[in-house]
Amino acid sequence: MLRTMALPSSSSSPPLSVSTQMKQHIKQDSFRPHSLKFSSMQKENNINDDNVASFNQNPSRRLALLKLGADENMMRPRTPPKMAPVSTAVAEENPLEWVNKDKRRMLHVVYRVGDLEKTIKFYTECLGMKLLRKRDIPEERYTNAFLGYGPEDSHFTVELTYNYGVDKYNIGTGFGHFGIAVEDVAKTVNLVKAKGGKVTSEPGLVEGGSTMSAFVEDPDGYKFELLERGLTPEPLCQVMLRVGDLDHAVNFYNKAFGMQLLQRRDFPESKYAVAIMGYGPEDKNAVLELTYNYGVTEYDKGNGYAQIAIGTDDVYKSAKAIELCGGSIIREPGPLPGINTKITACLDPDGWKSVLVDNVDFLRELE
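Residues numbered from 1 in each chain as written. Predicted model: local features only at pLDDT ≥ 70, side-chain atom pairs only at ≥ 80, totals over all residues. Heavy atoms only, no water.

Participant: I keep staring at the pattern of salt bridges and nothing clicks. Help me out?
Facilitator: Taken as a whole and judged by the stated rule, the model has 13 salt bridges. R135 is the salt-bridge partner of E159, the closest N and O atoms lying 3.7 Å from each other. Here R135 lies in strand β2 (residues 130-137) and E159 lies in strand β4 (residues 157-163), a separation of 24 residues in the sequence. Comparing E159 with R135 shows no difference in burial state: the two are buried. D266 is paired through a salt bridge with R264; the nearest N and O atoms lie 4.0 Å apart. Take R264: its relative accessible area is 38%, and that puts it in the partly exposed class. (Salt bridge = Lys/Arg side-chain N within 4 Å of Asp/Glu carboxyl O. Helix = DSSP H or I, 4+ residues; strand = E, 2+ residues; numbered from the N terminus. Buried < 20%, exposed > 50% of the residue type's maximum accessible area, 1.4 Å probe, protein only.)

Have a look at this one:
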């Protein structure tokens, strides 16, 4: 979470945007769970599939109020009866107000790895995760593995994607790290070392705080910050992404995603600031950590990290709220072909992708 130093701006890697090519690619996509068809961009990066997690969505709920008007004095002396014309008024709830009532939580984070079995071994033996489920889609040439610290219906998890024949990805400079709460940081670091893992930062206090932490890397180079905490219901506790305008990003995730600003800290000496966003206290829920490095407005997002999935009761209203807040809808809300899972996908102002999934459909799929 902390001790993030400023990174040089990469003018050759502008923030992710929805180009005409991507829009056409997405429209043509069958939107199978966690897999995108080949686009020219994917071919250039040697990516077979851009897997988008199997997501579920609930039918849209429309609130309508029918009002009928009639004259109270329908009959008057010596005049024919009169009846006021019937009128119908449909009251639509403001999507931005509805967002704060929606039942949301972070479901999983999706990213690509070059050796699925090696990564699963590292996560289970060094980080203490459990392999929850695995699925292979040979006709689409990819495999998914879901890992975490508890059932998917109640815990934040990781969804690893292995695309056949692709053994390396560019993580870029925009993705930061994942956070894991452990009871003993030093013990976990020693375990990682014993298993041949890479430790990039030895145990020490986080900048400006009293929490012990350390950084390790998985086989693909994704960083994990180990945070020393007591027992927690959500050990997989953070996803850190870098943004070019912290105030803008905080406002977007608050208004469009209904996340609360749980904490904000500035470190002028180190030239960075962080904002913690989430749906509940960070010691009990997974959170999104947004980091702004002074003066850096653009980052290379690479092709390894994919997106975060968030549960919602209504993908249609969710999409409207995102558009009202300046987000870009790259997958119109609706059911996925074949499985009827309702999702919508979007890009935030910095180009980071999120997928909103229907809560009821998600639970049904897990069954």
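Participant: In this structure, what is going on with the sheet that holds strand β3 (residues 142-148)? I would like to understand it.
Facilitator: Strand pairing within a sheet occurs via backbone hydrogen bonds; the two strands may be parallel or antiparallel. Taking strand neighbours across the sheet as the criterion, the eight strands line up as β2-β3-β4-β1-β13-β16-β15-β14 in an open arrangement whose pairing is mixed. Two strands in the sheet have a free side with no partner beyond their single neighbour: β2 and β14 (328-335). Strand-to-strand twist across the sheet, computed as the mean angle between neighbouring axes with direction ignored, equals 20°. Contacts from helix α8 (residues 359-366) reach β1 (105-112), β2, β13 (305-312), β15 (342-347) and β16 (353-358) within the one sheet, and its direction differs from that of β16 by about 80°. (Pairing = 2+ DSSP bridges. Axes fitted to C-alpha atoms, helices over the stretch in contact; angles between N-to-C directions. Contact = heavy atoms within 4.5 Å.)

Participant: What's the story with helix α7 (residues 315-324) in this structure? I'm lost.
Facilitator: Residues separated by three or four positions in an α-helix point in the same direction, a consequence of the helix having 3.6 residues per turn. Among all positions in α7, only V315, K317, S318, A319, A321 and I322 are buried. The inward-facing, buried residues of α7 abut α3 (95-99), α6 (246-255), β13, β14, β15 and β16. Of the residues flanking the start of α7, the one acting as N-cap is D314, its side-chain oxygen 2.9 Å from the backbone nitrogen of Y316. Taken from the residues just after α7, G326 is the one with a positive phi, measuring 90°. (Polar contact = N/O pair within 3.5 Å; in protein donor to acceptor, adjacent residues only side chain to side chain.)

Participant: Whenever I open this one, the nonpolar core confuses me. Can you help?
Facilitator: Nonpolar side chains tend toward joint burial in soluble globular proteins. In terms of nonpolar packing, the biggest core is built from 58 residues, with Y111, Y123, F224 and F257 touching the most fellow members. Broken down by element, the residue count for this core peaks at five residues, all from α6. Non-local contacts of F224, meaning those with residues more than four positions away in its chain, are made with Y111, Y123, L127, M129, H177, F178, I180, A214, F215, V216 and D218. Among the nonpolar cores identified, the runner-up in size contains ten residues, and L107, I330, I343 and A345 belong to it. (Core = buried A, V, L, I, M, F, W, Y, C linked by side-chain atoms within 4.5 Å.)

Participant: In this structure, what is going on with α8? I would like to understand it.
Facilitator: By the burial criterion, the buried members of α8 are N359, D361 and F362. Angular distribution of buried residues about the axis of α8 spans 165°; they occupy a single face of the element. Tucked into the core, α8 has its buried residues touching β1, β13, β15 and β16. At the N-terminal end of α8, a side-chain oxygen is found 3.1 Å from the backbone nitrogen of V360, two or three residues along, and the residue is D358. (Arc of directions from axis to C-beta.)

Participant: Before we go on, may I ask you to explain the sheet that holds strand β7 (residues 212-217) in this structure?
Facilitator: The eight strands lie next to each other as β6-β7-β8-β5-β9-β12-β11-β10, forming an open sheet whose pairing is mixed. A single partner strand is all that each edge strand has here, and the edge strands are β6 (198-205) and β10 (260-267). Sheet twist, expressed as the average angle between the axes of neighbouring strands with direction ignored, equals 20°. Alignment of strand β5 (residues 175-182) against strand β8 (residues 223-228), held across five bridges, turns out to be parallel. Following the sheet pairing, G179 is matched in β8 by E225. Together, β5, β6, β7 and β8 form the strand contacts of helix α5 (residues 185-194), whose direction differs from that of β6 by roughly 165°. Across the sheet, α6 touches β10, β11 (272-278) and β12 (287-293), and the angle it forms with β11 is around 0°.

Participant: Can you walk me through the packing of aromatic side chains in this structure?
Facilitator: Between two aromatic rings, the relevant description is the distance of the centres plus the angle of the planes. With the rule as written, the count across this model stands at 16 aromatic pairs. Each residue in the set Y111, F122, Y123, F175, F178, Y222, F224, Y305 and W352 is aromatic and connected to the rest through ring pairs, giving one cluster. One Lys or Arg, R133, reaches over the ring of F146 and ends 3.7 Å from the middle of that ring. Directly above the aromatic system of W352 lies the positively charged group of K301, at a separation of 5.0 Å from the ring centroid. (Phe/Tyr/Trp six-rings, centres within 6.5 Å; stacked < 30°, edge-to-face > 60°. Lys NZ or Arg CZ within 6 Å of the ring centre and 35° of its normal.)

Participant: Help me out: how do you make sense of empty space enclosed by the protein in this one?
Facilitator: Once rolled over the atoms, a probe with the size of a water molecule shows which space is left empty. Throughout the structure, instances matching the rule amount to one cavity of 30 Å³ or more. Taken as a whole, the largest cavity encloses approximately 50 Å³ of empty space. Taken together, L241, Y253, M259, L288, Y305, I308, I310, W352, K353 and S354 form the lining of the largest cavity. The dominant element in the lining of the largest cavity, judged by the number of residues it contributes, is β13, at three residues. (1 Å grid on protein atoms, 1.4 Å probe; cavity = no way out; pocket = protein on both sides within 12 Å on 5 of 7 lines; lining within 4 Å. Points joined across faces, edges and corners; volume = space filled by probe spheres on them.)

Participant: Help me out: how do you make sense of unusual backbone geometry in this one?
Facilitator: Across residues other than glycine, the phi torsion is negative in most instances, and most of the peptide bonds are trans. Positive phi is not limited to glycine here, since R141 has a value of about 60°. We classify R141 as partly exposed; its relative accessible area is 41%. A positive phi angle, near 60°, is found at N340, a position not held by glycine. Within the secondary structure layout, N340 lies in the loop between β14 and β15.

Participant: Would you mind showing me how to read the pairing of β10 here?
Facilitator: Regular strands have side chains that alternate between both faces of the sheet. Note: β10 against β11, seven bridges, orientation antiparallel. The residue of β11 that forms the bridge with F267 is Y272. Counting the residues in the hairpin turn of β10 and β11 gives four residues, including K271, whose phi is positive at 60°.

Participant: Help me out: how do you make sense of the confidence of the model for the protein chain in this one?
Facilitator: Do not read the fine detail of predicted coordinates wherever pLDDT is low. Residues at a pLDDT of 70 or more form 75% of the protein chain, whose mean pLDDT is 82. Long-range and interchain partners of residues 1-90, a stretch whose pLDDT sits below 50, account for 246 contacts in this model, where long-range means more than four residues apart. (pLDDT = per-residue confidence, 0-100.)

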